[in-house]
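Residue strings, one per chain:
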Amino acid sequence: MHSTVTAVKGAGTRRSFLAHVCRLGGAALLGTAGSRERAFGAQLPNDQLIIRSARPEDLETPPHLLTSWITPTELFYVRSHFYTPVIRETEWKLVIDGDVDRPFELSLGELRRLPSTSAVVTLECAGNGRAFFEPPVAGVQWEKGAVGTAEWQGVRLADILARAGVRRTARYLWLDGADRGIDRAPDFIRSLPLEKALDSTTLLAYQMNGEPLPVPHGFPVRVVVPGWEGAYSVKWLTHIRVSDSEHGGTFTQAGYRRPRRPVKPGTIVDAADTVPVRELPVKSLITSVAHDAVVALGVVRIAGFAWVGDAEIRRVDVSIDNGRTWEETRLGRDRAPYAWRQFEYLWRPRETGSYAVLSRATDSRGRVQPIVAEWNPAGYLWNAVDQVRLNVRLE
Amino acid sequence: MIGWGARVTEPERPVLLEYLATHFGVTRPQPAPSPAGAELLGTRCHVCHDSALIDQQRLNVDGWRREIGKMRAWGARLTDPEQATLADYLAVR
């Protein structure tokens, strides 16, 4: 099981990163005006996040801090492929062109004046759990916390596309943000199939949890593609190009793909034998108790979240006897079509000892979280049954 | 085992380890990381990445060769011999 996997080396704390945060905060202040300046400063990730990479900025949430259905913005994981761009609010514009009848540009003010909607959506990095794959694969060694849920407010992408007049030949949207590849690294551009772009919950979001998007989360505008791995939700969005084909770049043709069929772990797979990573698979995460927690003999609250990209969570079961028997948990009342669902089980241990606590989600299409995650060369979509260790003592 | 009485002399030790590593998959003693590799890490990798991202990788030498190859295509300034030195260094340090 993954709890036996060697802990990731080199996970720093936020404190060693303070200088970078200050620089970033300063950039945010320079690029904006009025009361929003303070909002960005207040929402920068705090020092409880795990630094997987300081530059580019990749920050993970320790699972035991994920206690509420809506993740507080300052605890929300951050994934950036390249350095965080500095964008002046007054200079930002979004270009929509390509296979459309009426290409146009939007300023931030114009976008904010369009009819808006909001949705609670869970985002998860495709590489969440990469640290548990054996043999190891290259990339940010995320453990469990590259996932979070926020209320996103913005304009439906479908409304923008309707205004542009998408042509019959259109099949994909090429989404590009203001970040740029370092040196000769390719620009981070993702292809979103048109039918997903037209989903009424696919948004161009400019608010997160009721405040302007913080810079690390894509200020001023990011895409939110519900139910699909997080890299579709392009941050710092500046350009939507409508096309009859997928984008030909690295982050569509090489990255974010998995083998068409299961492969022997360690296999190098030709790109022609891969398919794009899209929907998030059924998965649960134990957030209470924290891994290796010590608790006093008495009632123990076992809780967490479960999610899936293209269905609903039907049930979550937990096991405290190494998977011999399973108990159904109570699901939380808070729910939304593309948001995780909280689960809770109150357990009264009869005696002290050290226990493996497992969680296993099942979705409305009958798909059950697997015992073994499917190995793939880039370490995407880890979704094995979750496990934490719980130590029960007398005091 | 030597502590428990196995009769193995110092000169015999590496020979035995090599045999066990070859035939039974026992981990070989790792060579010391090279100063040249450390220098390349500092001057060619840290230009773009902080040490945390590199330190957390769990790759073997083949994995590092592939990853460094990708980084060269993305602009990392390394020659073929430097790539080999750096991959060896990152795999054993």
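This one's a predicted model, so the numbers in the text were calculated from it and none came from an experiment. (Residues numbered from 1 in each chain as written. Chains lettered and ligands numbered in written order. Predicted model: local features only at pLDDT ≥ 70, side-chain atom pairs only at ≥ 80, totals over all residues.)

**A look at the domain arrangement of chain A**
Residue and element names in this part refer to chain A. When cut into domains, chain A gives domain 1 (2–276) and domain 2 (283–393). On the side of domain 2, 29 residues touch domain 1, which itself brings 33 residues to the contact. Among the secondary structure elements, those contributing two or more residues to the side of domain 1 that touches domain 2 are strand 5 (117–124), strand 6 (147–156) and strand 13 (257–259). The element best represented in the side of domain 1 that touches domain 2 is strand 5, accounting for four residues. For the side of domain 1 that touches domain 2, the residue count by class is 18 nonpolar, twelve polar and three charged. (Domains from an automatic or database assignment. Contact = placed C-beta atoms within 7 Å. Helix = DSSP H or I, 4+ residues; strand = E, 2+ residues; numbered from the N terminus. Nonpolar A, V, L, I, M, F, W, Y, C, P; charged D, E, K, R; others polar.)

**With respect to the nonpolar core**
With 95 residues, the main nonpolar core has L204 and A205 of chain A as its most contacted residues. Ranked by residues supplied to this core, first place goes to strand 17 (residues 300–307) of chain A with six residues. If you count residues domain by domain, this core takes at least three from each of domain 1 (2–276) and domain 2 (283–393) of chain A. Excluding residues within four positions of it along the chain, A205 of chain A makes contact with W152, Q153, G154, L213, V221, R222 and V224 of chain A. Core analysis: the second largest hydrophobic core is formed by nine residues, W64, I68, A76 and L90 of chain B among them. (Core = buried A, V, L, I, M, F, W, Y, C linked by C-beta atoms within 7 Å. Buried ≥ 20, exposed ≤ 12 C-beta atoms within 10 Å, placed from the backbone.)

**A word on the sheet that holds strand 17 of chain A**
Residue and element names in this part refer to chain A. Taken in spatial order, the four strands of this open sheet run 15-17-21-20, and their pairing is antiparallel. Whereas interior strands pair on both sides, the edge strands pair on one side only; in this sheet they are strand 15 (283–288) and strand 20 (330–331). Two elements, strand 17 and strand 21 (residues 341–347), share seven bridges in a ladder whose sense is antiparallel. Looking across to strand 21, one finds that A306 is bridged to R341. (Pairing = 2+ DSSP bridges.)

**Things to note about the packing of helix 2 (residues 35–45) of chain B against helix 5 (residues 80–92) of chain B**
Describing two packed helices takes the angle between their axes plus the distance from one axis to the other. All names here are of chain B. The interhelical angle for the contact between helix 2 and helix 5, taken along N-to-C directions, is 100°, at an axis separation of 8 Å. Comparing their axes, helix 5 and helix 2 come out roughly perpendicular. Here A36, G37, A38, L40 and L41 of helix 2 lie close against helix 5, whose contacting residues are E82, T85, L86, D88 and Y89. When its residues are assigned to classes, the contact of helix 2 with helix 5 shows six nonpolar, two polar and two charged. (Axes fitted to C-alpha atoms, helices over the stretch in contact; angles between N-to-C directions. Parallel < 35°, antiparallel > 145°, perpendicular 65-115°, else oblique.)

**Looking at the domain arrangement of chain B**
Taken domain by domain, chain B holds domain 1 (1–30) and domain 2 (35–92). Each of domain 1 of chain B and domain 2 of chain B has a C-alpha centre, and the two are 31 Å apart.

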